[in-house]
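One-letter residues, chain by chain:
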Amino acid sequence: MAQESSSDIVQCPVCLRDFKAADINSHLDNCLLQAEVNEQEPESESSGEPPRKKQCTAEPCPAMSSWGAKEGSGAPSTSVFSLFQKGKPGTTGASDAPGFFSSKRTTFEKSEEAGHFANNHKWGKRSAPGVDVSGDQLRSKPAQDGLATLGTQTREKLYDSKPLAEKMRPCTLDDYFGQNKVLGENTLLRSLLETQDIPSLMLWGPPGCGKTTLAHIIATNSKKSGNSRFVTLSATSTSTSEVREVIKQAQNELKLFKRKTILFIDEIHRFNKSQQDTFLPHVECGTITLIGATTENPSFQVNAALLSRCRVIVLEKLSVEAMESILARALDSLGIQVLEQEGDDSASIRDISGSSEPSIYIEQKALSTIAHLCDGDARAGLNGLQLAVQSRLSAARLGQLKQVIVQEDHIKEGLQRSHILYDKAGEEHYNCISALHKSMRGSDENAALYWLGRMLEGGEDPLYVARRLVRFASEDVGLADPMALTHAVAAFQGCHFIGMPECEVLLAQCAVYLARAPKSIEVYSAYNRVKECLKSHKGPLPPVPLHLRNAPTKLMKSLGYAKGYKYNPSFTEPVEQDYLPEEMKGTNFFQRKPNNF
Ligand SMILES: Nc1ncnc2c1ncn2[C@@H]1O[C@H](COP(=O)(O)OP(=O)(O)OP(=O)(O)O)[C@@H](O)[C@H]1O
């Protein structure tokens, strides 16, 4: 009989994937735990499944399996999570499971700024075990720490098709960082959540700031309490008949089991107004508690009647501190250590782990870069980190390296985006163009250039900006410098001819010209008064005076058209003649009334 060696391939009896014999035990622990969790979480709305994002199936407490263990899955936490528990002094077993609003500290210390964790622990700072890079550049902790050694689970987490952000989605407020204005101690929402008295909510905030995650936490909580069920729909893929079906089920649940239904609708702004109307009576009579999430300003995108029945919660971009805590939690779960000081000489880190897998380190500067570059979008930050680590690991494998160090440049590649994130389709688009317009109006050439840069570097259509400059040239500069309009139209046409990136300088030149130009709203205001006059006119509009009319036919002439008209060029003296209708004689649209522009 052949001797079993560590390089033998064996099949996992649970997921049927192939693994090295040496790895199968640790994989099996993890796989069994997953299977158990999945069994407890059938994928149906009636199961009270927490919200799932864009077709990704979120694990119930995906973050780290250790959370699953804490939440009482019954999994043997030590054997399964030994890798992560090493060096996690605050992490204990199931008995320490944090409740939904538990104040228990986890690996990190709490911090008000970051939402929960103290800054001095934000990176879970550790040094590479037994390492001394470049003399005293890097001082290490004792070798037995060993956290950076990459284990099978960590590797799976990194290579698994599910994005890291999804796996890290918190299930308790303890792991939910930032958003202190709405969720800090003594806030209304927090106390409502604590009493499990969830009102209908409209969560409004930029991408990746935690709208779905907050709903996910509410879901986990409502599931635990058992007095309500949680149903998730995405407005991008749900038909009106499906919505009706969900409402019917909600009515039955309430009637038969006295259970409320909390309905989470992601991207609710994608439902049209009549689809949104479907919810109205049911929110009104309490059959469903609606939680909508939207990146768009709900005052424009959500039915006013529905909006008035919901409490609007405005979530903000995550602060750098909050991002740091989110990243720290991810690093901790992946067993990646932070190098406090720069030292890219990975070859000089002594490998003391004896593991066949490379150890991973990340420079603090690189982490700080993610926290700053992801622009408050935790999904972008976490997935950028994952990509950077994955690519370094692949490179290390090819080069048979024992350690990898992730540096700032790798992170920038991982984020795969410019420093500027800009939501071209959403509210940010209007906010930035408005800021540009107002900066030019205020003759602040610096600010004008800055907002222009924010838009162009974020991928804005240059013609959209150019059109606004043309409008500005007339509305705000007007006759104070009629050349402004010529400049703006020329910039528009130039952009049309050459496109980005060459046209950026045309727009910059024009924006600065307009910012520096003298301003006059004389014509703009006068025209507004004309519009107002027409709008407020009562009765039929006065006829065009006969002498101003053209008379191309005999009949028209015989009716008096053009009669008495004085052709100005025929006169050497100024001509006395009325051009306004009789009843408007003497009206001056250019006259500024008090309290009126
Ligand atoms: N406040 C937070 N605390 C901890 N992790 C967060 C927080 N916000 C977001 N995350 C992480 O980022 C991921 C994406 O967040 P989430 O899906 O909640 O964003 P969102 O606001 O719903 O974005 P979108 O509008 O793009 O759907 C989550 O899976 C989670 O890992």
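Everything numeric here is computed off the predicted structure, so don't read it as measured data.

*Asks:* When you look at the sheet that holds strand β12 (residues 403–406) in this model, what are you seeing that I'm missing?
*Replies:* Taken together, the 3 strands give an open sheet; going across it, the order is β10-β11-β12, and neighbouring strands pair in parallel fashion. Looking at strand neighbours, the two that pair on one side only are β10 (337–339) and β12, the edges of this open sheet. Ignoring which end each strand starts from, the neighbouring axes of this sheet average 35° apart. Contacts from helix α15 (residues 364–373) reach β10, β11 (359–363) and β12, with the element oriented near 65° to β11. Helix α16 (residues 378–398) rests against β11 and β12 of the sheet, and its axis sits at about 145° to β12.

*Asks:* I tried to follow the packing of aromatic side chains on my own but got confused; where do I start?
*Replies:* What characterises a pair of aromatic rings is the spacing of the ring centres plus the angle enclosed by the ring planes. This structure, assessed with the given rule, holds 2 aromatic pairs. With a centroid separation of 5.8 Å and 55° between ring planes, the pair formed by Phe271 and Phe279 is classed as tilted. For Phe271, a relative accessible area of 3% gives the class buried. An angle of 75° between the planes, with centres 4.9 Å apart, marks the rings of Tyr450 and Trp451 as edge-to-face. Residue Tyr450 is classed as partly exposed on the basis of its relative accessible area of 46%.

*Asks:* How should I be thinking about the pattern of salt bridges in this particular structure?
*Replies:* Between side chains of opposite charge, a pair can form when the charged atoms approach closely. All told, the structure shown has 15 salt bridges when counted by the stated rule. In this structure, Lys181 and Glu316 form a salt bridge, with 2.8 Å as the shortest nitrogen-oxygen distance. Of this pair, Lys181 sits in helix α6 (residues 180–183) while Glu316 sits in the loop between β9 (311–314) and α14 (320–334), and the two are 135 residues apart along the sequence. Its relative accessible area of 38% is what places Glu316 among the partly exposed residues. Between Glu253 and Arg259 there is a salt bridge whose closest N-O contact spans 3.0 Å. According to the relative accessible area criterion, Glu253 is buried, its value standing at 12%.

*Asks:* Quick question: what am I supposed to make of the nonpolar core here?
*Replies:* Generally speaking, nonpolar side chains in soluble globular proteins are found buried as a group. Counting residues in hydrophobic clusters, the biggest one holds 32 residues, and the most contacted among them are Met323, Leu327, Ile362, Leu382, Leu385 and Ile411. Secondary structure elements with two or more residues in this core: α5 (164–167), α14, β11, α15, α16 and β12. For this core, the element with the most residues is α16, which contributes 8 residues. Filtering out sequence-adjacent residues up to four positions away, Ile362 remains in contact with Leu331, Ile336, Gln337, Val338, Leu339, Leu367, Leu385, Val406 and Ile411. Ranked by size, the runner-up nonpolar core spans 28 residues in total, among them Tyr464, Val465, Val477 and Leu514.

*Asks:* Sorry if this is basic, but what is going on with the sheet that holds strand β7 (residues 260–266) here?
*Replies:* Think of a sheet as strands paired side by side through backbone hydrogen bonds, with each pair either parallel or antiparallel. Sheet architecture is open: 5 strands sit in the order β6-β7-β8-β5-β9, paired in parallel fashion. Each of the sheet's edge strands pairs with one partner strand only, and the pair in question is β6 (228–234) and β9. Mean inter-strand twist for the sheet, computed between neighbouring axes without regard to direction, equals 15°. Taken together, the 4 bridges between strand β5 (residues 201–204) and β9 define a ladder with parallel strand orientation. Looking across to β9, one finds that Leu203 is bridged to Ile313. Relative to the sheet, helix α9 (residues 240–257) contacts β6, β7 and β8 (288–294), its axis offset from that of β6 by approximately 180°.

Cut-offs and rules
- Residues numbered from 1 in each chain as written.
- Predicted model: local features only at pLDDT ≥ 70, side-chain atom pairs only at ≥ 80, totals over all residues.
- Heavy atoms only, no water.
- Pairing = 2+ DSSP bridges.
- Helix = DSSP H or I, 4+ residues; strand = E, 2+ residues; numbered from the N terminus.
- Axes fitted to C-alpha atoms, helices over the stretch in contact; angles between N-to-C directions.
- Contact = heavy atoms within 4.5 Å.
- Phe/Tyr/Trp six-rings, centres within 6.5 Å; stacked < 30°, edge-to-face > 60°.
- Buried < 20%, exposed > 50% of the residue type's maximum accessible area, 1.4 Å probe, protein only.
- Salt bridge = Lys/Arg side-chain N within 4 Å of Asp/Glu carboxyl O.
- Core = buried A, V, L, I, M, F, W, Y, C linked by side-chain atoms within 4.5 Å.

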